[in-house]
Amino acid sequence: MPAAKRLFIGLMSGTSLDGIDCVIVDLAGDTPALIAADCHALPDNLRHDVLTLCADKQAPLAELGRLDIELGRCFAEAAIKTLAAAGVVAQEIEAIGSHGQTVFHQPNSAAPFSLQLGDPNTIAERTGITTVADFRRRDMAAGGQGAPLAPLLHQHCCASPNKNRAIVNIGGIANITLLLANGARVAFDTGPGNVLMDLWIARHNGARFDKNGEWATGGSIDSAFLAELMSEPYLALAAPKSTGRELFNGAWLEQRLASLKQRPSPQDIQATLLEFTATTLSTALLAGMNQGEIYLCGGGAHNTALLKRIGELMPGYYVGATAEIGIDPDWLEAMAFAWMAQQTLDGIAVDTSPFTGAKKPVMLGGIYPSPTSAS
Ligand SMILES: Nc1ncnc2c1ncn2[C@@H]1O[C@H](COP(=O)(O)OP(=O)(O)O)[C@@H](O)[C@H]1O
Ligand SMILES: [Mg+2]
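As the structure is a prediction and not an experimental result, all values here were calculated from the model.

What counts and what doesn't
- Residues numbered from 1 in each chain as written.
- Chains lettered and ligands numbered in written order.
- Predicted model: local features only at pLDDT ≥ 70, side-chain atom pairs only at ≥ 80, totals over all residues.
- Heavy atoms only, no water.
- Axes fitted to C-alpha atoms, helices over the stretch in contact; angles between N-to-C directions.
- Helix = DSSP H or I, 4+ residues; strand = E, 2+ residues; numbered from the N terminus.
- Parallel < 35°, antiparallel > 145°, perpendicular 65-115°, else oblique.
- Left-handed = near helix turned anticlockwise from the far one by under 90°.
- Contact = heavy atoms within 4.5 Å.
- Buried < 20%, exposed > 50% of the residue type's maximum accessible area, 1.4 Å probe, protein only.
- Phe/Tyr/Trp six-rings, centres within 6.5 Å; stacked < 30°, edge-to-face > 60°.
- Pairing = 2+ DSSP bridges.
- Domains from an automatic or database assignment.
- Buried area = accessible area lost by both parts, 1.4 Å probe.
- Salt bridge = Lys/Arg side-chain N within 4 Å of Asp/Glu carboxyl O.
- Polar contact = N/O pair within 3.5 Å; in protein donor to acceptor, adjacent residues only side chain to side chain.
- Nonpolar A, V, L, I, M, F, W, Y, C, P; charged D, E, K, R; others polar.

Give a description of the packing of helix 10 (residues 266–288) against helix 11 (residues 304–313) that names residues and reports values.
Between helix 10 and helix 11, whose axes approach to 9 Å, the crossing angle comes to 40 degrees. By the angle between their axes, helix 10 is oblique relative to helix 11. Every pair of crossing elements has a handedness; the one defined by helix 10 and helix 11 is right-handed. On the side of helix 10, the interface is formed by Leu 274, Glu 275, Thr 277, Ala 278, Thr 279, Leu 281, Ser 282 and Leu 286, while helix 11 contributes Ala 305, Leu 306, Arg 309, Ile 310 and Leu 313.

And the structure:
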């Protein structure tokens, strides 16, 4: 008889703000089984207001509260729509793992802090499903960076006993997870994934992103600009480390451009930004793993020009997509938060120490019970 299903929902909205990823997964077996998945666009005005908050790094408390509630409503709606499309009813779901929308991440200050908006109370009330949220701050309280957390799932279902593997997630920010055959585990944010390319093409061509890197491919790499980008001190920091829009944003880019003797053309800037992502990723991978397999996931894994460059910079390594090892590259991160919700509900403390530097295993996230949980 097949084991009873254990259905969870994962909700993820990343740095790119391209939409809310929602997955329904069956976590009864060893490897998560994807039942349904969808990406739900954020309303334009809400996306704009969140980006403004990220750029300004301040807002009146009433505005912060409004965004928290409105994002919570959008997350709830995303879950409800995905359930309806899949023909699954809320009562079949054990819990939602909701990452929330990061608007601030400051792991290295005297008071380490990370803020994800999207009120989990609203999600639990509107969906009727127990919601687990606020995963990052518990890790920080235990001495970790609070990020990256998806490597927990990479380790759980992508490691091989006889091959070195790296999972490379190219979201707004890129992170790598090294799963070495000798058992060593390392993960960290390498730097920008798509975030700078997205903002640059949006400013010049009005597009949300540079599809397949086509605009970048028509430009030339500016070596002085690339050297300037590569001089960012974050890149030389030892792991564990994590970053976000607080560092890699429009102001950072303008500063780097302003220090050049000659400003490259907009298209050459795009070409160089693509090279910057490829170089930071390949440098980190080459330093961490002297041979092996590289599996990509996240939206940037669709950028064919970027993939080509990563392959060229890493001759001798196998470069593929996580689909080849059984995990859909578009939904891996949302699945990871569904999986974390299951760990927390089952009372399991997870060992994030190789990835975030936490000092001890931690139970990640707070539990917001469904309205029907009370007896
Ligand atoms: N075909 C494509 N070509 C280039 N970039 C793409 C393509 N598809 C998706 N992307 C990039 O992926 C990003 C979304 O990736 P995602 O993994 O959702 O990031 P995040 O976790 O930051 O939300 C988009 O903003 C875009 O930059
Ligand atoms: Mg996204």
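Here the narrative resumes, following the displayed structure.
Describe in detail the side chain of Thr 272, supporting the description with residues and values.
For Thr 272, the location among the structural elements is in helix 10. Classification of Thr 272 by relative accessible area gives buried; the value is 0%. Other than its neighbours up to four places away in sequence, Thr 272 contacts Ser 220, Ile 221, Asp 222, Phe 225, Leu 226 and Leu 229.

Quick rundown of the packing of aromatic side chains? Include the residues and the values.
Under the definition given, this model contains 6 aromatic pairs. When the centroid spacing of 6.1 Å and the interplanar angle of 85 degrees are considered together, the rings of Tyr 234 and Phe 248 count as edge-to-face. Placement of Tyr 234 in the loop between helix 8 (223–230) and helix 9 (250–258) and of Phe 248 in the loop between helix 8 and helix 9 is noted, with a sequence separation of 14 residues between them. Note on Tyr 234: relative accessible area 7%, which makes it buried. Judged by centre distance (5.0 Å) and plane angle (70 degrees), the ring pair of Phe 248 and Trp 252 falls under edge-to-face.

Explain the sheet that holds strand 9 (residues 185–192) residue by residue, including any values.
Overall, mixed pairing links the 5 strands, which are arranged 9-8-7-10-11 in an open sheet. Unpaired on one side and paired on the other, strand 9 and strand 11 (318–321) mark the two borders of the sheet. Within the sheet, the average angular offset between the axes of one strand and its neighbour, ignoring direction, is 20 degrees. In the packing of helix 10 onto the sheet, the strands contacted are strand 7 (165–170), strand 8 (173–179), strand 9 and strand 10 (293–297), and the crossing angle to strand 9 comes to about 160 degrees.

Could you give an account of helix 6 (residues 195–205), with specific residues and numbers?
One full turn of an α-helix is made of 3.6 residues, so residues set three or four places apart face in the same direction. Within helix 6, the full set of buried residues consists of Val 195, Leu 196, Met 197, Asp 198, Leu 199, Trp 200 and Ile 201. Two residues or fewer past helix 6, Gly 206 is found with a positive phi of approximately 75 degrees.

Describe the domain arrangement of the chain, naming the residues involved and giving the relevant values.
Segmentation of the chain into domains returns domain 1 (7–146 + 332–368) and domain 2 (151–325). When each unit is reduced to the centre of its C-alpha atoms, the spacing between domain 1 and domain 2 is 24 Å. The interface is formed by 30 residues belonging to domain 1 together with 26 residues belonging to domain 2. Ranking the residues of domain 1 by area buried against domain 2 places Thr 15, Leu 332 and Phe 355 at the top, with a combined share of 32%. In this assembly, domain 1 and domain 2 are joined by 1 salt bridge. Applying the counting rule to domain 1 against domain 2 returns 8 residue pairs in polar contact (both at pLDDT 80 or more). Of all the elements in the fold, those that place two or more residues in the side of domain 1 that touches domain 2 are helix 1 (44–56), strand 4 (93–106), helix 12 (332–345) and helix 13 (353–356). Partitioned by chemical class, the residues of the side of domain 1 that touches domain 2 number 16 nonpolar, 8 polar and 6 charged.

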